[in-house]
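# Reading the structure
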Amino acid sequence: IPIPDAIRMLNSAQAAMAAGEVYEALEFGRIAQARAETAWKRHFEAEAKRDVEAMKTISDRVRSARERIDVLVSHIEYLTNVGVDVAPARESLASAEVALQGKRVEEVEAYLEATERIVEGMRGALQKSAQDALERLRKTVVDARTQGLMTAEMEAVFSRAEVAVREDQVREALDTMR
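Residues numbered from 1 in each chain as written. Predicted model: local features only at pLDDT ≥ 70, side-chain atom pairs only at ≥ 80, totals over all residues. Heavy atoms only, no water.

For helix α1 (residues 4-18), built from 15 residues, the straight-helix expectation of 21 Å at 1.5 Å per residue is met to within 8% by its first-to-last C-alpha distance of 21 Å. Among the residues of α1, those classed as buried are A6, M9, A13 and A16. Along the long axis of α1, the arc covered by the buried residues comes to 80°, so they all point the same way. Pointing more than 90 degrees away from the buried face of α1 are the exposed residues P4, Q14 and A18. Buried residues along α1 sit against α2 (22-82). (Helix = DSSP H or I, 4+ residues; strand = E, 2+ residues; numbered from the N terminus. Expected span 1.5 Å × (residues − 1). Buried < 20%, exposed > 50% of the residue type's maximum accessible area, 1.4 Å probe, protein only. Arc of directions from axis to C-beta. Contact = heavy atoms within 4.5 Å.)

Written out as structure tokens, the structure is:
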């Protein structure tokens, strides 16, 4: 802890003592002690403040991780309900939860990033699948129209499927196209 003022006062106290000025030496000594105590107190208050800020940062990161876990759980549940094999995402998410229980925040964040990438890949593949299915349906609709076989109900189904794919409602789109 840097205490230059206290050291300066202590040097003055020593000089006063050497000159035989005991009262002045005592006063300089008291001032030196007060300044050293003040510096010590400031140092530990600043250290405590840094500790509190570090704890708040970690707390914020943990809260954010929990929110991300909740979002990923809902995405995984959605993908499961659509029929996608989500085993890799579940394993990665489980590892994140174990790391969270162990309070290993950096590890949690790394697992969550991996899980997010896996889920986004699955969602992208699912979206592509829906677009491909819509394209096949579009060709069937064109053929049915040219042959005069399209009904109002078939047009409505096709229209709902197009809207669902456009709005990223993959589950609804796939259900509509079945």
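Don't stop here, the text continues.
Our focus in this paragraph is the nonpolar core. Counting 33 residues, the largest nonpolar core has L112, L174 and M177 as the members making the most contacts within it. When residues of this core are traced back to their parent elements, those giving at least two are α2, α3 (87-101), α4 (105-146), α5 (152-166) and α6 (170-177). Sort the elements by how many residues they give to this core and α4 lands first, with eleven residues. When sequence neighbours within four positions are dropped, the list of residues in contact with L112 reads A65, R68, I69, L72, L93 and A96. (Core = buried A, V, L, I, M, F, W, Y, C linked by side-chain atoms within 4.5 Å.)

Oppositely charged side chains can form a pair if their charged atoms are brought close together. Summed over all chains, the structure comprises 14 salt bridges. In this structure, R30 engages E27 in a salt bridge whose closest nitrogen and oxygen atoms are separated by 3.0 Å. On the criterion of helical spacing, the pair formed by R30 and E27 is a turn pair, its members being three residues apart in helix α2. R30 sits in the partly exposed class, given a relative accessible area of 45%. Residue classification places E27 among the partly exposed residues on the basis of a relative accessible area of 27%. Taking the shortest distance from any N to any O, the salt bridge between R61 and E109 comes out at 2.8 Å. With R61 in helix α2 and E109 in helix α4, this residue pair connects regions lying 48 residues apart in the sequence. (Salt bridge = Lys/Arg side-chain N within 4 Å of Asp/Glu carboxyl O.)

Our focus in this paragraph is the side chain of S92. Following the sequence through the fold, S92 ends up in helix α3. From its side chain, S92 meets the backbone oxygen of Y111 in a polar contact 3.2 Å long. Excluding its chain neighbours within four sequence positions, the residues that come into contact with S92 are Y111, A114, T115 and I118. (Polar contact = N/O pair within 3.5 Å; in protein donor to acceptor, adjacent residues only side chain to side chain.)

With their axes 8 Å apart at the nearest point, α5 and α6 run at an angle of 160° to one another. When the axes of α5 and α6 are compared, the pair comes out roughly antiparallel. Seen from above, α5 lies across α6 with left-handed handedness. Contact residues: α5 offers V157, R160, A161, A164 and V165, while α6 offers V170, E172, A173, T176 and M177. Looking at the contact of α5 with α6 residue by residue, the classes come out as seven nonpolar, one polar and two charged. (Axes fitted to C-alpha atoms, helices over the stretch in contact; angles between N-to-C directions. Parallel < 35°, antiparallel > 145°, perpendicular 65-115°, else oblique. Left-handed = near helix turned anticlockwise from the far one by under 90°. Nonpolar A, V, L, I, M, F, W, Y, C, P; charged D, E, K, R; others polar.)

Looking now at the side chain of T115. Tracing the chain through its elements places T115 in helix α4. You can call T115 buried: its relative accessible area is 0%. Within the structure, the side chain of T115 is placed 3.4 Å from the backbone nitrogen of L93, a separation counted as a polar contact. In contact with T115, other than residues within four places in its own chain, are L72, I76, A89, S92 and L93.

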